[in-house]
Structure formats: structure tokens, C-alpha cells
Amino acid sequence: GKERKWDMVIDCIDDVPTKAALLTYCIQHKIRVLSCMGAGGKSDITRLHISDLRAAARDPLATKLRQTLKKTMKAAKDKTNGNSTQDSQNIEDSYLDDMDALT
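Residues numbered from 1 in each chain as written. Predicted model: local features only at pLDDT ≥ 70, side-chain atom pairs only at ≥ 80, totals over all residues. Heavy atoms only, no water.

### Describing helix α1 (residues 16-28)
- The terminal C-alpha atoms of α1 lie 18 Å apart, and with 13 residues this matches the ideal 18 Å at 1.5 Å per residue to within 8%.
- Residues V16, K19, A20, L23, T24, C26, I27 and Q28 constitute the buried set of α1.
- Following α1 by one or two positions, K30 adopts a phi angle in the positive range, close to 55°. (Helix = DSSP H or I, 4+ residues; strand = E, 2+ residues; numbered from the N terminus. Expected span 1.5 Å × (residues − 1). Buried < 20%, exposed > 50% of the residue type's maximum accessible area, 1.4 Å probe, protein only.)

Structure representation (C-alpha cells):
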């Protein structure tokens, strides 16, 4: 049958390795993601901040996720050994370059 493609994934996972695996998959398959970071116990809705993960600051979950995601994406890239499409490879390389600048 025909494979369905997600329009967007909404991620509320608290486990960093699982969150990184999901985001790696989404990046590789060009699926948009809305990912919740460290909001546990927070109740002031006026302090809600929406940004790219690469710009997240003062959030321990986001910091750990960036480090883990960088490793996860490099491992996925090594695993494919060039089997991904050029367009997909460019997205992954661009994202990894951005992650290198942050960590």
C-alpha cells in the first residue's frame, strides 16, 4: 500500500535518548516537529517560549537533548554510509553543523 507521511509530530517525551531518536527520524524524513522541553512544574503561561532547539537557552533538557541529538545524528549518518538521498544528507549535515556551533 501507499506509505503515509506525517504533516507534523508533537513531542512531549521526557526521556532524552527516546526524544533524540524521534527527532533524528523526523529530521531525516523532513517531518516538522513541535517539541516540548523542560516545562515540568511551570504554571506561568506568559513565560512560554517558542524557538528552534538550536536557540534554546537555560533549559537543562534542551542542552542535554542537543548533545544527545548530535551524537544520534552522527551515528545515524555513519550507519547509512551515504545511502541517504543527497537532499536528506544536506539537511543532516546542516543540522549537525549548527549543533557543533552550540555544543
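### Some words on unusual backbone geometry
- Of note, the phi angle at K30 is positive, near 55°, even though the residue is not glycine.
- With respect to the secondary-structure elements, K30 resides in the loop between α1 and β2 (32-35).

### Focus on the pairing of strand β1 (residues 8-11)
- Going residue by residue along β1, you find V9 and D11 tucked away on one face and M8 and I10 left uncovered on the opposite face.
- Relative to β2, β1 runs parallel, the two being bridged by four bridges. Paired with I10 across the bridge in β2 is L34.
- The parallel pair β1 and β2, bridged by α1, forms a crossover whose chirality is right-handed. (Pairing = 2+ DSSP bridges. Right-handed = clockwise from strand over helix to strand, strands pointing away.)

### Focus: the environment of I50
- With respect to the element layout, I50 can be found in the loop between β2 and α2 (60-80).
- Note on I50: relative accessible area 71%, which makes it exposed.
- Separated by 15 residues in the primary sequence, I50 and S35 have C-alpha atoms spaced 9.6 Å apart.

### Thoughts on the side chain of K19
- Among the structural elements, K19 can be located in helix α1.
- Given a relative accessible area of 0%, K19 falls into the buried group.
- Only 3.2 Å separates the side chain of K19 from the side chain of S35, close enough to count as a polar contact.
- The residues touching K19, leaving out its near neighbours within four places in the chain, are D11, I13, S35, C36, M37, L61 and L65. (Polar contact = N/O pair within 3.5 Å; in protein donor to acceptor, adjacent residues only side chain to side chain. Contact = heavy atoms within 4.5 Å.)

### Some points on the state of the cysteines
- Taken as a whole and assessed by the stated rule, the structure comprises zero disulfides.
- C12 forms no disulfide, and the closest cysteine sulfur to it belongs to C36, at a distance of 3.7 Å.
- Residue class for C12 comes out exposed when judged on its relative accessible area of 54%. (Disulfide = S-S within 2.5 Å.)

### With respect to the pattern of salt bridges
- Counted under the stated rule, the structure contains two salt bridges.
- A salt bridge links D52 to R54; the shortest N-O distance between them is 2.8 Å. (Salt bridge = Lys/Arg side-chain N within 4 Å of Asp/Glu carboxyl O.)

### Considering the confidence of the model for the chain
- Per-residue pLDDT for the chain averages 78, and the proportion of residues at 70 or more is 75%.
- Taken element by element, the chain is modelled with least confidence in helix α3 (residues 86-102), mean pLDDT 54, and with most confidence in β1, mean pLDDT 94. (pLDDT = per-residue confidence, 0-100.)

### What to know about a nonpolar patch on the surface
- Residues M8, I10 and L34 make up a contiguous nonpolar surface patch of roughly 280 Å² in combined accessible area.
- On the secondary structure map, M8 appears in strand β1.
- Among the residues examined, M8 registers a relative accessible area of 37% and is labelled partly exposed. (Patch = residues over 30% accessible without salt bridge, like charges linked within 9 Å, V, L, I, M, F, W, Y side chains within 5 Å. Areas by Shrake-Rupley, 256 points an atom, 1.4 Å probe, with all protein chains shown as cover.)

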